[in-house]
Amino acid sequence: MATHDLTCPSPMKATSNGAFQHENPLDYALPLLIVQICLVVAFTRFLAFILTPLRQPRVIAEVIGGILLGPSAIGRSEKFLNTFFPKKSLTVLETIANVGLLFFLFLVGLELDMRSIRRTGHKALCIALAGITVPFVLGIGTSFALRATISKGVDPASFLVFMGVALSITAFPVLARILAELKLLTTDVGRIAMSAAAVNDVAAWILLALAIALSGSETSPLVSLWVLLCGAGFVLFAIFAIKPLLGIMAKRSPEGEPVKEIYICFILTLVLACSFVTDTIGIHALFGAFVVGVIMPKDGPLAGVLTEKIEDLVMGLFLPLYFVSSGLKTNVATISGALSWALLVLVIFTACFGKIIGTLTVSMLCKVPFREALTLGFLMNTKGLVELIVLNIGKDRKVLNDQAFAICVLMALLTTFITTPIVMAVYKPARRGSPYMHKTIQRKDPDTELRVLACFHSTRNIPTLINLIESSRGTRKRGKLCIYAMHLMELSERPSAITMVHKARKNGMPFWNKIHDDKDQMVIAFQTYGQLSSVNVRPMTAISPLNNIHEDICTSAHQKRVAMILLPFHKHQRIDGTMESLGNSFHVMNGLVLSHAPCSIGILVDRGLGGTSQVQASDVSYNVAVAFFGGCDDREALAYGMRMAEHPGILLTVTKFVASPGKTLAFGAKLVGVTANKDRKVIKVADGTNHDEDKQEDDKFWSEFLSVCSKSEGSIVYEERLVESKEDLVTVLRERNKSNLILVGRMPPVAPLVDRSDCPELGPVGSYLASSEFSTSASVIVFQQYDPKTDVYPLVMEVSDYSNNSPKHTP
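Basis of the calculations
- Residues numbered from 1 in each chain as written.
- Predicted model: local features only at pLDDT ≥ 70, side-chain atom pairs only at ≥ 80, totals over all residues.
- Heavy atoms only, no water.
- Helix = DSSP H or I, 4+ residues; strand = E, 2+ residues; numbered from the N terminus.
- Expected span 1.5 Å × (residues − 1).
- Buried < 20%, exposed > 50% of the residue type's maximum accessible area, 1.4 Å probe, protein only.
- Contact = heavy atoms within 4.5 Å.
- Core = buried A, V, L, I, M, F, W, Y, C linked by side-chain atoms within 4.5 Å.
- Pairing = 2+ DSSP bridges.
- 1 Å grid on protein atoms, 1.4 Å probe; cavity = no way out; pocket = protein on both sides within 12 Å on 5 of 7 lines; lining within 4 Å.
- Points joined across faces, edges and corners; volume = space filled by probe spheres on them.
- Nonpolar A, V, L, I, M, F, W, Y, C, P; charged D, E, K, R; others polar.
- Axes fitted to C-alpha atoms, helices over the stretch in contact; angles between N-to-C directions.
- Parallel < 35°, antiparallel > 145°, perpendicular 65-115°, else oblique.
- pLDDT = per-residue confidence, 0-100.
- Left-handed = near helix turned anticlockwise from the far one by under 90°.
- Salt bridge = Lys/Arg side-chain N within 4 Å of Asp/Glu carboxyl O.
- Arc of directions from axis to C-beta.
- Phe/Tyr/Trp six-rings, centres within 6.5 Å; stacked < 30°, edge-to-face > 60°.
- Lys NZ or Arg CZ within 6 Å of the ring centre and 35° of its normal.

Engineer: Where do I start with helix α3 (residues 58-69) in this structure?
Structural biologist: In this model, α3 (twelve residues) spans 17 Å end to end at C-alpha, consistent with the 16 Å of a helix rising 1.5 Å per residue. Counting buried residues in α3 gives ten out of twelve residues, a clear majority hidden from the surface. Buried residues of α3: Arg 58, Val 59, Ile 60, Ala 61, Glu 62, Val 63, Gly 65, Gly 66, Ile 67 and Leu 69, and no others. Of the surrounding elements, those touching the buried residues of α3 are α2 (29-50), α4 (78-84), α9 (172-181), α14 (301-327), α17 (385-396) and α18 (402-417).

Engineer: When you look at the nonpolar core in this model, what are you seeing that I'm missing?
Structural biologist: Note that soluble globular proteins tend to have their nonpolar side chains buried in a common cluster. Counting residues in hydrophobic clusters, the biggest one holds 152 residues, and the most contacted among them are Phe 106, Trp 205, Leu 286, Leu 302 and Ile 389. Among the elements that take part in this core, helix α10 (residues 188-214) stands out by supplying 16 residues, more than any other. Beyond its immediate chain neighbours, meaning those up to four positions away, Leu 286 contacts Leu 101, Leu 102, Leu 105, Trp 205, Ile 389 and Ile 393. With 55 residues, the next largest nonpolar core counts Tyr 484, Ile 603, Leu 665 and Val 780 among its residues.

Engineer: What's the story with the side chain of Thr 382 in this structure? I'm lost.
Structural biologist: Mapped onto the secondary structure, Thr 382 falls in the loop between α16 (370-380) and α17. For Thr 382, the residues in contact, after removing those within four places along its chain, are Ile 169, Thr 170, Ala 171, Val 174, Leu 175, Ile 178, Thr 416 and Thr 419.

Engineer: Looking at this model, I keep getting lost on the pairing of strand β2 (residues 450-456). Mind explaining?
Structural biologist: Remark: a regular strand shows side chains that alternate across the two faces of the sheet. For β2, the tally of buried residues reaches seven of seven residues, placing the bulk of the element in the interior. Neither face of β2 is open: one carries Leu 450, Val 452, Ala 454 and Phe 456, the other Arg 451, Leu 453 and Cys 455, and all of them are buried. Where β2 lies against strand β3 (residues 481-490), seven bridges are found, and the strand directions are parallel. Residue pairing across strands places Leu 453 opposite Tyr 484, the latter belonging to β3. The pairing of β2 with strand β5 (residues 564-568) spans three bridges and is parallel. Paired with Ala 454 across the two strands is Leu 566, which belongs to β5.

Engineer: Explain empty space enclosed by the protein here, please?
Structural biologist: Inspection of every chain in the model, using the stated rule, returns five cavities of 30 Å³ or more. Computed from the structure, the second largest cavity encloses a volume of approximately 70 Å³. What lines the second largest cavity is Val 59, Ile 60, Val 63, Lys 383, Gly 384, Leu 388, Val 409, Ala 412, Leu 413 and Thr 416. Contributing elements (two or more residues each) for the lining of the second largest cavity: α3 and α18. With four residues, the top contributor of residues to the lining of the second largest cavity is α18. Split by residue class, the lining of the second largest cavity holds seven nonpolar, two polar and one charged.

Engineer: How do you make sense of the packing of α2 against α14 when you look at a structure like this?
Structural biologist: When two helices pack together, their arrangement is captured by the angle between the axes and the distance separating the axes. Closest axis-to-axis distance for the α2/α14 pair is 9 Å, and the angle between their directions is 85°. For the element pair α2 / α14, the angle class is roughly perpendicular. Contacts between α2 and α14 pair Gln 36, Ile 37, Val 40, Val 41, Thr 44 and Arg 45 from the former with Gly 316, Leu 317, Pro 320, Leu 321 and Val 324 from the latter. Split by residue class, the contact of α2 with α14 holds seven nonpolar, three polar and one charged.

Engineer: Would you explain the confidence of the model for the protein in this entry?
Structural biologist: Fine structural detail should not be taken from predicted coordinates in areas where pLDDT scores are low. For the protein, mean pLDDT is 81; residues scoring 70 or higher make up 84% of the total. Mean pLDDT in the protein bottoms out at helix α28 (residues 802-805), which sits at 40, and peaks at helix α12 (residues 261-281), which reaches 94.

Engineer: Before we go on, may I ask you to explain the packing of α2 against helix α5 (residues 90-111) in this structure?
Structural biologist: In contact at an axis separation of 10 Å, α2 and α5 are set at 60° when each is read in the N-to-C sense. Considering their axes alone, α2 and α5 lie oblique with respect to each other. Note that α2 runs across α5; the crossing there is right-handed. Within the contact between the two elements, α2 uses Ala 29, Leu 33 and Gln 36 and α5 uses Val 92, Leu 93 and Ile 96.

Engineer: Can you walk me through the sheet that holds strand β13 (residues 779-784) in this structure?
Structural biologist: Backbone-to-backbone hydrogen bonds pair the strands of a sheet. The strands run either parallel or antiparallel. Taken together, the ten strands give an open sheet; going across it, the order is β4-β3-β2-β5-β8-β13-β12-β9-β10-β11, and neighbouring strands pair in mixed fashion. In this open sheet, the two strands that pair with only one neighbour each are β4 (536-544) and β11 (716-723). Between one strand axis and the next, the sheet turns through 20° on average, direction left out of account. In terms of strand pairing, strand β10 (residues 650-659) meets β11 through eight bridges, oriented parallel. Residue Val 654 lies in a different strand from β11, and its bridge partner there is Tyr 718. Its contacts with the sheet put helix α23 (residues 584-596) on β3, β5, β8 (600-605) and β13, and the angle it makes with β5 is roughly 165°.

Engineer: How should the environment of Leu 167 be read in this particular structure?
Structural biologist: Looking at where Leu 167 falls in the secondary structure, it is placed in helix α8 (residues 156-168). You can call Leu 167 buried: its relative accessible area is 0%. If sequence neighbours within four positions are ignored, Leu 167 has contacts with Pro 135, Gly 139, Thr 142, Val 347, Thr 350, Ala 351, Lys 355, Lys 383 and Met 411.

Engineer: For this particular structure, what's the right way to read the pattern of salt bridges?
Structural biologist: Two side chains of opposite charge can pair, provided their charged atoms sit close to one another. This structure, assessed with the given rule, holds nine salt bridges. For Arg 635, the salt bridge is made with Asp 698, and the minimal N-O distance between the two is 2.6 Å. Of this pair, Arg 635 sits in helix α24 (residues 632-644) while Asp 698 is found in helix α25 (residues 691-710), placing the two residues 63 residues apart along the sequence. Neither residue differs from the other here; Arg 635 and Asp 698 are each classed as buried. Close ionic contact of Asp 699 with Lys 695 constitutes a salt bridge, the shortest N to O distance being 3.4 Å. Remark: Lys 695 and Asp 699 occur in helix α25; sequence separation between them is four residues, near one turn of the helix. A relative accessible area of 37% means that Asp 699 is categorised as partly exposed. Here the salt bridges do not stand alone but share partners, grouping Glu 719, Arg 721, Glu 735 and Arg 736 into one network.

Engineer: How should helix α19 (residues 419-426) be read in this particular structure?
Structural biologist: Structurally, the α-helix is built with 3.6 residues per turn, so residues lying three or four positions apart point the same way. Residues of α19 that are buried: Thr 419, Thr 420, Val 423 and Val 426. The buried residues of α19 occupy one face: seen down the axis, they fall within an arc of 140°. Buried residues in α19 make contact with α9, α16 and α18.

Engineer: What is the right way to read the packing of aromatic side chains from this model?
Structural biologist: For any two aromatic rings, the description comes down to two numbers: the centre-to-centre distance and the angle of the planes. Under the defined criterion, the tally for this structure stands at twelve aromatic pairs. Ring centres 5.3 Å apart and planes at 25° place the aromatic pair Phe 349 and Phe 353 in the stacked group. You can see Phe 349 and its partner Phe 353 sitting in helix α15 (residues 337-365), four residues apart, about one turn around the helix. On the basis of relative accessible area, Phe 349 is assigned to the exposed category, the value being 52%. Here the aromatic cluster, defined as three or more aromatic residues joined through ring pairs, consists of Phe 628, Trp 702, Phe 705 and Tyr 718. One cation-aromatic arrangement involves Lys 395 over Phe 405; the distance from NZ or CZ to the ring centre is 5.9 Å.

Engineer: Even after reading the chapter, I still don't get the environment of Glu 719, so can you show me in this structure?
Structural biologist: One can find Glu 719 in strand β11. What makes Glu 719 partly exposed here is its relative accessible area of 23%. In this structure, the C-alpha to C-alpha distance between Glu 719 and Val 654, residues 65 residues apart in sequence, is 6.4 Å. For Glu 719, the residues in contact, after removing those within four places along its chain, are Val 654, Thr 655, Lys 656 and Arg 736.

Engineer: Before we go on, may I ask you to explain unusual backbone geometry in this structure?
Structural biologist: Only a minority of non-glycine residues have a phi that is not negative, and only a minority of peptide bonds are not trans. Phi at Lys 398 is positive, roughly 65°, even though this residue is not glycine. Within the secondary structure, Lys 398 is located in the loop between α17 and α18. On the accessibility criterion, Lys 398 (68% relative accessible area) is exposed. At Arg 561, a residue that is not glycine, the phi angle is positive and equals roughly 55°. If you trace the backbone, Arg 561 turns up in the loop between α22 (549-559) and β5.

Pasting the structure below:
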């Protein structure tokens, strides 16, 4: 008994009486757990921040953080381990970590749509099978080498299967994140990789169930057979008994209505109950949670609400604990001596060789080009959390000893770490595009089709966008309007971001094109409008981190050959009329689009054009004002206004500002230059050197406008106003503050109208028009005309013979 007392520390009490009672909080379970969570989250987030430039997924930082906190690095200090991670606290820590893991596996199951796996093409299916079979076979060979050296005496069957599974897994969530970061989600490579990884994921879980069944402490093969049969029986019960029940709940949770709290409570409890059942069977508790996630109906708001309720808590707090509990079992110091390092190299080589060569060979047989096939090989070599789960179960079941466990953890870490840099080096799809003519609204032939890429963040932007589209469609029989409505969605580290991946179409651009897709009310609004009008409306979505989503916008604009990108302003108007920022990320995004756009740009300051609902075509009645000071941007604004004036419900008022003889509209002020990204565009400063050239263009375009005006039958009104000071400018503009919409150029040759502005992208006049002191009812569009002279380093390289080298793109 004495020996037993020494090896089993007494259980910890839950809470302390506090430091004033001379008690150390770290000797009690709850305060110690709180400190552990805070330490783990802070440390792993710090590592994730450091690894950001390397574009590594957060799972890498969490695995490294777990290893560093363990006995491999910081944990080599006995004092540190005994203070923050004493042995008597590990049961509580691992229990909480595994509860978090259960719900994470439920989320992973939610992401896997079995319908999309059933629709997987033969190419992706063959690549997935090769990506599993070849490394599994090589893993069996490696297991013989390990059993002969560092893993003597383990059960051969279970060790063989565990090593095969460990080497053949591809991490579906981690792969999706890497593809999104590298802008490969909607390429052929990305789509094949995602489909193959989804198949691989399901196969890996089946193999893991087999491995666990074989690793029981009972030596009788009948026990393993019973475990597998009961596991299969549980899956069938879940499909035929639990799934219909979940389907009823999903049907009773319609779009637009809050999901009942009892449904959420029932499903979360069901996850735990099924986990208990699979643990009782002898597979593992996480299988029950995963199966519930897989059979959960994906349509409707129920799955989305569940994800929102669970993911932040699980991903932010509990999951990092699992990596630390894994790291505390990993001691890299056990890999010592030439033999151990040789085995580490062997395992890494076998894992990489099996995945890469297997995938490469089958991809080439499926007529995938060599570079893309090689990229697929490295992408399929991505490991992640599931790999760690396999290894931890193997460690707990005594199938893997400390040395084999450490070798496999380092293998998983290295293979995932190298994926992003190697894929970036091997495969960077060239952004090429065929040149196109109409990159501006102002053009020689106004009867040609006008294409606009209209971006929006949320439902708040949609009514104004649709009303603006309706007002802009004109009445020309030949000059049609084509709108690409792009929903800008941030790709976060949350698992729910992966579900967006399934909404990609084969034309290389992300699309939402199915009415029954969940959360697509925005898309339905545009589709319905397009069906009821003569406007060609095509909904799209861009899924990217906000720091580089401008690349998606600009490349989409070029691919669709649009003349204008319409961006939402980064502020929205509150009820009291003041403008409130939506975040600095959207502000930065607009600035980057202005610098890189392959066409003209309009920034929409939305103050509710037409109210909060869509206006019928027959009810459109807007006063649209154009402030014309001169310059290319103002000509673009006037060209758009002339198009809007063709609509019978639009009254266009154009005000041309004229300075006194011998003066300019700058009134002595220094003109603002066009701000641009550091090395991507030449900075054009409106310093008056090209004044004569601009004036000739202005006069020429103004005469064209006057000829259109004479035939407009009263739908266009214009006036010339002589202004002698900045105050006169403001006075004249104020006369238009009750208009429904004001169009203005971004960089007219005019003095700044506000002393200080945090919106340089709107220019000297736009900054004033967007301020609350000017108006609370007039929406504003600020135009920047595309200038090929300043577009020195475009995101899309135009290749004149592009269409001869590849299939012609038809938008």
